[in-house]
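Per-entry structural report
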Number of protein chains: 2
Amino acid sequence: MGENQLAIIAGGGSLSDVIIETARKKGWNVTVFAIGDLNIAKNQDISLIEMKRLDIGRIFQILKSQKIKNICMVGYIPRPNSPKDYLNFRYLNVQTLSILFQSIGILRGGDASLFKKINSLLEKRGYKIIGASEIAPNLTLKGGLYSSKSVSKVEFENIKKAKQCAEMTGYLDIGQAVVVKNGRVLAIEAAEGTDVMLERAACLEAIRIKRGGVILKSAQINQDKRVDMPTIGPNTIKNVVKANLSGIAITADNVIVLDFQKVIEMIEDNNLYFIVI
Amino acid sequence: MGENQLAIIAGGGSLSDVIIETARKKGWNVTVFAIGDLNIAKNQDISLIEMKRLDIGRIFQILKSQKIKNICMVGYIPRPNSPKDYLNFRYLNVQTLSILFQSIGILRGGDASLFKKINSLLEKRGYKIIGASEIAPNLTLKGGLYSSKSVSKVEFENIKKAKQCAEMTGYLDIGQAVVVKNGRVLAIEAAEGTDVMLERAACLEAIRIKRGGVILKSAQINQDKRVDMPTIGPNTIKNVVKANLSGIAITADNVIVLDFQKVIEMIEDNNLYFIVI
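Please read all numbers here as calculations on a predicted model, not as lab measurements.

Bringing the overall build of chain A into the picture now. For chain A, the helix and strand inventory stands at 10 helices and 13 strands. The buried share among the 277 residues of chain A stands at 55%. Long-range pairs, those at least 24 residues apart, make up 71% of the contacts in chain A with a sequence separation of at least 6. For chain A, the accessible area works out to roughly 12400 Å², and carbon and sulfur atoms hold 53% of it.

The next point concerns unusual backbone geometry. A positive phi angle, close to 65°, is found at N244 of chain B, a residue other than glycine. Within the secondary structure, N244 of chain B sits in the loop between α9 (234–242) and β11 (247–250).

Let's shift gears to the packing of helix α7 (residues 194–202) of chain B against α9 of chain B. Residue and element names in this part refer to chain B. At a minimum axis separation of 8 Å, α7 and α9 run at an interaxial angle of 15°. Classified by the interaxial angle, the pair formed by α7 and α9 is roughly parallel. Between α7 and α9 lies a crossing whose hand is left-handed. Together, D195, L198, E199 and A202 of α7 and N235, T236, N239, V240 and K242 of α9 make up the contact between the two elements. Here the contact of α7 with α9 is built from residues that sort into three nonpolar, three polar and three charged.

Core analysis: the largest hydrophobic core is formed by 34 residues, its most contacted members being I159, V178 and V185 of chain A together with I159, V178 and V185 of chain B. The residues touching V185 of chain A, leaving out its near neighbours within four places in the chain, are K161, C165, V178, V179 and V180 of chain A together with I174, A190 and A191 of chain B.

As a further point, take the sheet that holds strand β4 (residues 70–74) of chain B. Residues and elements named next belong to chain B. Pairing within the open sheet is parallel, and its five strands lie in the order β3-β2-β1-β4-β5. Taken across any chain shown, the strands that pair with only one partner, and hence form the sheet edges, are β3 (47–51) and β5 (128–129). Examined bridge by bridge, strand β1 (residues 5–10) and strand β2 (residues 29–35) share six bridges and lie parallel to one another. Note that in β2 the partner of L6 across the bridge is V30. Each of β1, β2 and β4 is contacted by helix α1 (residues 15–25), which is oriented at about 175° to β1, the strand it contacts most. Taken strand by strand, helix α2 (residues 56–65) contacts β1, β2, β3 and β4, and its axis lies near 160° from that of β3.

For the rest of this paragraph, the subject is the environment of K69 of chain A. Residue and element names in this part refer to chain A. Along the polypeptide, K69 turns up in the loop between α2 (56–65) and β4 (70–74). Judged by relative accessible area, which is 42%, K69 ranks as partly exposed. Note: C-alpha distance between K69 and R125 (56 residues apart in sequence) is 9.6 Å. When neighbours within four sequence positions are excluded, K69 is seen to be in contact with R125, G126, Y127 and K128.

Another point: the sheet that holds strand β5 (residues 128–129) of chain A. Residue and element names in this part refer to chain A. Strands sit in the order β3-β2-β1-β4-β5 across an open sheet of five strands; the sheet is parallel. Each having just a single partner strand, β3 (47–51) and β5 make up the two edges of the open sheet. The pairing of strand β1 (residues 5–10) with β4 spans five bridges and is parallel. Across the sheet, the residue bridging to I9 is M73, located in β4. Each of β1, β2 (29–35) and β4 is contacted by helix α1 (residues 15–25), which is oriented at about 175° to β1, the strand it contacts most. Along the sheet, α2 contacts β1, β2, β3 and β4; its crossing angle with β3, the most-contacted strand, is approximately 160°.

For the rest of this paragraph, the subject is the packing of aromatic side chains. Residue and element names in this part refer to chain A. Scanning all chains against the criterion turns up six aromatic pairs over all chains. For the ring pair Y146 and F260, a centre distance of 6.2 Å and an interplane angle of 85° mean the geometry is edge-to-face. In this pair, Y146 is assigned in the loop between β6 (144–145) and α6 (153–171) and F260 in helix α10 (residues 260–269), connecting sequence segments 114 residues apart. Taking the relative accessible area as the measure of exposure, Y146 reaches 24% and is therefore partly exposed. With centroids separated by 5.8 Å and ring planes inclined at 45°, the aromatic side chains of Y146 and F274 adopt a geometry described as tilted. Residue Y146 is found in the loop between β6 and α6, and its partner F274 is found in strand β13 (residues 273–276); the two are separated by 128 residues along the sequence. Taken together through their ring pairs, the aromatic side chains of Y146, F260 and F274 make up a single cluster. For the cation-ring pair, K69 lies above Y127, with the distance from its terminal atom to the ring centre recorded as 4.7 Å.

Residue and element names in this part refer to chain B. Residues of α9 that are buried include every one of T236, I237, N239 and V240, and no others. Along the axis of α9, the buried positions cluster into a sector of 160°, meaning they face one direction only. The first or second residue beyond α9 is N244, which carries a positive phi of 65°.

The next thing to look at is α1 of chain B. Side chains of residues three or four places apart in an α-helix project in the same direction, reflecting 3.6 residues per turn. Residue and element names in this part refer to chain B. The set of residues buried in α1 consists of L15, S16, I19, I20 and A23. Down the axis of α1, the smallest arc covering the buried residues is 125°, so these residues share one side. In this fold, the buried residues of α1 make contact with β1, β2, β4, α5 (132–135), β10 (231–232) and β12 (256–257). G27 sits one or two positions beyond α1 and adopts a positive phi of about 95°.

Moving on, we come to the side chain of E155 of chain B. Residues and elements named next belong to chain B. Along the chain, E155 turns up in helix α6 (residues 153–171). Comment: no salt bridge for buried E155; closest opposite-charge side chain is K181, at 7.8 Å. Excluding anything up to four places from it in sequence, E155 contacts G212, G213, V214, S246 and Y273.

For the rest of this paragraph, the subject is the environment of L258 of chain A. All names here are of chain A. As for its position among the elements, L258 is in the loop between β12 (256–257) and α10. For the pair L258 and V18, spaced 240 residues apart in sequence, the C-alpha to C-alpha distance is 8.5 Å. Those residues within four positions of L258 in sequence are excluded, and the remaining contacts are S14, L15, V18, T231, I232, G233, P234 and V263.

For the rest of this paragraph, the subject is a negative patch on the surface. Together, D259, E265, E268 and D269 of chain A make up a negatively charged patch on the protein surface. If you trace the backbone, E268 of chain A turns up in helix α10.

Definitions and limits used
Residues numbered from 1 in each chain as written. Chains lettered and ligands numbered in written order. Predicted model: local features only at pLDDT ≥ 70, side-chain atom pairs only at ≥ 80, totals over all residues. Heavy atoms only, no water. Helix = DSSP H or I, 4+ residues; strand = E, 2+ residues; numbered from the N terminus. Buried < 20%, exposed > 50% of the residue type's maximum accessible area, 1.4 Å probe, protein only. Contact = heavy atoms within 4.5 Å. Areas by Shrake-Rupley, 256 points an atom, 1.4 Å probe, with all protein chains shown as cover. Axes fitted to C-alpha atoms, helices over the stretch in contact; angles between N-to-C directions. Parallel < 35°, antiparallel > 145°, perpendicular 65-115°, else oblique. Left-handed = near helix turned anticlockwise from the far one by under 90°. Nonpolar A, V, L, I, M, F, W, Y, C, P; charged D, E, K, R; others polar. Core = buried A, V, L, I, M, F, W, Y, C linked by side-chain atoms within 4.5 Å. Pairing = 2+ DSSP bridges. Phe/Tyr/Trp six-rings, centres within 6.5 Å; stacked < 30°, edge-to-face > 60°. Lys NZ or Arg CZ within 6 Å of the ring centre and 35° of its normal. Arc of directions from axis to C-beta. Lys, Arg positive; Asp, Glu negative; His and termini not counted. Salt bridge = Lys/Arg side-chain N within 4 Å of Asp/Glu carboxyl O. Patch = residues over 30% accessible without salt bridge, like charges linked within 9 Å, V, L, I, M, F, W, Y side chains within 5 Å. Charge placed at Lys NZ, Arg CZ, Asp CG, Glu CD.

As structure tokens, this is what we get:
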């Protein structure tokens, strides 16, 4: 009990499975709260608690009764959009009500701001937040060129502009990704997510004419890197190809790369560049 | 000949008709270059030259032969995406080739940057650029509240955040509009345009739950206000309603409002706020 107990609050996306498996192998005694319709691989070594939606009251009840103090949040969990959402919880108790009360302030702001506030709330209650990248540090990459294809001068300029743009929008807690081609910002991610942004970019006339341009994904400057880490994976690469871009850039040590081998294979098959800056 | 001759290079959108009509009434001798499939109202008082796409060579030829020095560009003209686009021109002559040569640099950067460079090129050749808002200055608005519905404290905060965001993205020549709700930036416009951005916002879960939030549209800080003015109109308001926003904010003196009466009517019918800041 206690020290090696870990609660993984798992949302959508394939990162959850990787983190659960890695944590288990590293000797954690894992309890998984699977939020939404997930297909978490059942395993006799983990306790799996499935819930249709994020039910904070019920989670706290279980954490308390099982004396779990370590929490890792991973994957996409739909954010509560209004305090009213909490009223739909099955286990509405004093703790939930207290969170509800504090949440009215929490809900203002972007995702980074939301997660920071939730974490500080949890820490005040004696919980310890453990980042997915602490459990599996090999999921992020050191700086360098990871593709056979090199980065042309034009693309270096695109990456520079994308970085400048991402720094500004990150500062305002807006989004994690931006598409730049021929020195022109074609798309910026806000609440819609990277995939939707890439699909939109793919529809632009400026995209169709000739292959070129970059998507840059990076953590925001004010982001709590223990949660809500930017993630890329095979699906991202598929969308990068559809959007007719020349390559992908991510920032070092703070973007999770899912299924690295498959990503590199797709990068090579499609003659893309892949740089970590 | 000369002084009162005005060439209007007209692209898509309903602004073209308004500007042509206003210019004519003000005594300009108007030659319209209608680019693309436009329905410019035929009028015996104007010369109408229709072309499938922006053919700079042909335009220059006509401007020169008719000694027209004043140029007004209005409406959306698809930007050339590569120097190759110029090679499709019907009238490829020395002038076009010279522009082609200079354009290789011109094509890098956002729309504001593109228009600034084109204008400086034209001015060097002795042409005078006249802004749509100079011809019809009543198309922009002074600061103030233009709706019966007032702006709540929450919405003032949204507008403040939107303005901060628009200033940053405008500085990088990215786009003209942004959607903010509950202090969170939900969508930023880049190359896709305001309508597509609003359609995207309308699909977000954070939009559907409860009416609220604002779209702010403004000119960019480095924008040449004689061309490429941000514009709103009845169609914008229709999309604002679909996106479940509470209101619309524009900046004073630099956003064109098309069909003002209809816009105000729709604002009132849908209980939106409309503020010019």
